[in-house]
Amino acid sequence: MADLAKFAILFAISWTAIGFCPATICVAGGGPENLVLVVNADSAASKLLANYYIAGRQIPSRNVIYLNGIPAREVSSLEVFREKIFKPVLQQIEERKLGNSVDYIIYSADFPSSYNISAHTTLLADQLKQATPPQSLPANIYGAAASLTSLTYFAGAVISDQPAWILLDSNTYYRKPASMILRQPFVGERQAEFDSATRAFDSGSESDRAKAIKTLTEMAKQNPRQVAVLYWLARFHAQDGDAKVATEWLTAAVRAGWCYRTQTKSDLAFNKIDNDPIFSGIVDRIPLEPFEFAPTRGFKQVYGWGVNGMLNEEPGQANRYFLSTMLGVTRNHGTTEEEAVQQLKISMKADATFPVGKFYFSDTADVRNKTRKPSYAGTIKALQRLGQKGEIITSILPNQKSDVLGLCTGSSSVNWTASGSRLKPGAIAESLTSHGGRLSNSSQTKLSEFIRFGAAGSGGTVTEPYAIQAKFPHPNIHVHYAKGCSLAESFYQSISGPFQYLIVGDALCQPWAKPPVFTVDGVTVGQTISGKTRLNFDANTSPVPIAGMELYVDGVLLLRDRFRDSISFDTTGLSDGYHEIRFVAIANSPIETTGRIIMPVLI
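Residues numbered from 1 in each chain as written. Predicted model: local features only at pLDDT ≥ 70, side-chain atom pairs only at ≥ 80, totals over all residues. Heavy atoms only, no water.

*Asks:* Teacher, can you tell me more about the nonpolar core here?
*Replies:* Side chains of a nonpolar character, in soluble globular proteins, are inclined to be buried together. Counting residues in each nonpolar core, the largest one holds 101 residues, and the members touching the most others are Leu37 and Trp165. Here the element with the most residues in this core is helix α2 (residues 78-95); it accounts for seven residues. Among all residues touching Leu37, those that are not within four sequence positions of it are Ala50, Tyr53, Ile54, Ile59, Asn63, Val64, Ile65, Ile106, Tyr107, Ser108 and Leu327. Among the nonpolar cores identified, the runner-up in size contains 41 residues, and Ala220, Trp232, Trp249 and Trp258 belong to it. (Core = buried A, V, L, I, M, F, W, Y, C linked by side-chain atoms within 4.5 Å. Buried < 20%, exposed > 50% of the residue type's maximum accessible area, 1.4 Å probe, protein only. Helix = DSSP H or I, 4+ residues; strand = E, 2+ residues; numbered from the N terminus. Contact = heavy atoms within 4.5 Å.)

Okay, here's the thing in structure tokens:
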């Protein structure tokens, strides 16, 4: 079953459209204007959690969708997900002109958390039998159940009956080993063309090399942010001794996310030009990430992720997703409503607090821990490079520790009370076990146990997963989080095949974010404005450089551009009365952290 990502590229979603309170600056990995909150209108618990989240995260009313007729049970069908949940949500997103801005689809309480997907497992099995060579779909690996959050993440494939989303390497936003970045940017015939071009580097004739450069240049035009293509073009031109053109392609690769200075300096392809001052200056400015995993990246629904984890724009060569979590599960073996609300209150205050403590990784004889143990040491080293502390413990939980920033463990039974430990606000804590996300039965400790005792987010599988690493978060989830990603970004960058995994918690929580800071001049809170107004922006005090900006009115994206000192804001197209304006600044970094000013005005 190796390399099944080559079997099919998953999907690409296209959209048809895109009293006064004080002005505030908020933090997000994405933010409230990039989130749709889905509420069960027939459930008091769902509305309760949603109301706290709407107020605490300042979610625009346009971004809140209420659904009726949701089954009042934990297990449901694929047809219910498609017809009762996702298609109505999709319709509302289009009608409300949110298509170009929504990155997250978040569910409040009282939605079925598990769905029977036997129709898709059967379809995938049939497709694999007809593949060349024929392959099988082991039933004990691909059980016929999927979580609500994974169905939403893979929604494009789910609603179009493309079952490859079930495969264990289906998530191309997952941060794969770095060695794949330069090897496998494409699938199918496109990958064969890429392989043919790169083979010409070592053994091709002069005409073969010229043909290879032409092929790669054409690929770069269609995929201008695909690091593999850009870097290989730099290698070809460097080997030809053309320092100027090689430097241009390497610069493009760095802008697209190439961040491995040591790997670049040791690359013999650049020997002929390594004395060129401009080339060497670019190399010296490449970040010093170790060549271990694809770089941590911020998420946008409009981004298309190639199979090497980098960005593609060519049709059929990229996957697009929705980040998704549930705010809470408050029935069966979930938390109480009060516990869920309390944890949301804590997590919403954790943004940009830079908590101090330690990440813990459990190493016991339990097979549930052995699955992820080989990755512990590398993860701790990565955390140390960020100035964080990690520790491997020989117990299921840390004992008598009040500094738990995150926890990676594996056990069928977890007793947090007996541990005497305490989770810091914003912490992610989870356990690799069979029924952690199966909230309808009492077997094993549920993900809700970690939420109950303070975790901002946790997760678990909704059916028997077996001890397969690809179905659970890689320990690097804590590295992505400590780099400033949101909770949802961190989860989905760390799970290769998340189709059975249910994620519960505050998707926007971002304790290590360093947001842009800016001011707006030309409009004040509660001001009455009309006609054209000149708005001036000042980012001189921002702790991080700012690359881009967005402007929203009543939740609708009106402007997305590079960050500018001023813009002309034309109000003539807006109705008279109250409106909410959101100014969003986007950091010039791979994570693209955002900061915002929310300002109510009268038009």
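*Asks:* Sorry, what's going on with the pattern of salt bridges here?
*Replies:* Pairing between side chains of opposite charge can happen when the charged atoms of each approach one another. Following the criterion strictly, the structure yields 29 salt bridges and no others. With its nearest N and O atoms 2.9 Å apart, the salt bridge here joins Asp267 to Arg235. With a gap of 32 residues between them, Asp267 in the loop between α10 (261-265) and α11 (277-284) and Arg235 in helix α8 (residues 227-239) connect regions that are remote in the sequence. Of the two residues, Asp267 and Arg235, neither departs from the other in class, the shared state being buried. (Salt bridge = Lys/Arg side-chain N within 4 Å of Asp/Glu carboxyl O.)

*Asks:* Looking at this structure, I do not really get the environment of Ala220. What am I missing?
*Replies:* Checked against the element boundaries, Ala220 lands in helix α7 (residues 206-222). Residue Ala220 is classed as buried on the basis of its relative accessible area, which comes to 7%. Along the sequence, Ala220 and Ile428 sit 208 residues apart, while their C-alpha atoms lie 38 Å from each other. With sequence-adjacent residues up to four places away left out, Ala220 is seen in contact with Val229, Leu230, Leu233 and Trp249.

*Asks:* Is there a simple way to explain the packing of helix α9 (residues 243-255) against α11 in this structure?
*Replies:* Packed helix pairs are characterised by how far apart their axes lie and by the angle those axes make with each other. Interhelical geometry of α9 versus α11 gives an angle of 15 degrees and a closest axis separation of 9 Å. Considered as vectors, α9 and α11 are oriented roughly parallel to each other. The handedness of the crossing between α9 and α11 comes out as left-handed. Of the residues in α11, those in contact with Thr247, Leu250 and Thr251 of α9 are Ile278, Phe279, Ile282 and Val283. In terms of residue class, the contact of α9 with α11 is built from five nonpolar, two polar and no charged. (Axes fitted to C-alpha atoms, helices over the stretch in contact; angles between N-to-C directions. Parallel < 35°, antiparallel > 145°, perpendicular 65-115°, else oblique. Left-handed = near helix turned anticlockwise from the far one by under 90°. Nonpolar A, V, L, I, M, F, W, Y, C, P; charged D, E, K, R; others polar.)

*Asks:* Got a minute to help me understand the side chain of Thr409 in this structure?
*Replies:* Following the sequence through the fold, Thr409 ends up in strand β10 (residues 404-409). Residue Thr409 is classed as buried on the basis of its relative accessible area, which comes to 0%. Polar contacts involving the side chain of Thr409 include one to the main-chain carbonyl oxygen of Ile396, which spans 2.7 Å. The residues contacting Thr409, other than those within four sequence positions of it, are Ser362, Asn369, Arg372, Ile396, Glu430, Ser431, Leu432 and Phe450. (Polar contact = N/O pair within 3.5 Å; in protein donor to acceptor, adjacent residues only side chain to side chain.)

*Asks:* Explain the packing of helix α1 (residues 44-57) against helix α12 (residues 337-348) to me, please; I cannot follow it from the model alone.
*Replies:* It is the contact of α1 with α12, at a shortest axis distance of 10 Å, that shows an interaxial angle of 15 degrees. Comparing their axes, α12 and α1 come out roughly parallel. As α1 runs across α12, the sense of the crossing is right-handed. Contact residues: Ala45, Leu48, Leu49, Tyr52, Tyr53, Gly56 and Arg57 in α1; Glu337, Ala340, Val341, Leu344, Lys345, Ser347 and Met348 in α12. Considered class by class, the residues forming the contact of α1 with α12 number nine nonpolar, two polar and three charged.

*Asks:* Quick question: what am I supposed to make of the sheet that holds strand β14 (residues 519-521) here?
*Replies:* To summarise the sheet geometry, strands pair through backbone hydrogen bonds and adopt either a parallel or an antiparallel arrangement. Strand order in the open sheet made by the three strands is β14-β15-β18, with antiparallel pairing throughout. The strands lining the two open edges of the sheet, one partner per strand, are β14 and β18 (566-570). On average, each strand axis in the sheet is tilted by 30 degrees relative to the strand beside it, whichever way the strands run. Where β14 and strand β15 (residues 532-538) come together, three bridges link them in antiparallel fashion. Within β15, the position partnered with Thr519 by the bridge is Asp538. (Pairing = 2+ DSSP bridges.)

*Asks:* Could you clarify how one ought to interpret the environment of Ala144 in this entry?
*Replies:* Note on placement: Ala144 falls in the loop between α3 (118-129) and β7 (145-147). When its relative accessible area of 32% is taken as the criterion, Ala144 is described as partly exposed. In contact with Ala144, other than residues within four places in its own chain, are Tyr115, Asn116, Ile117, Ser118 and Thr121.

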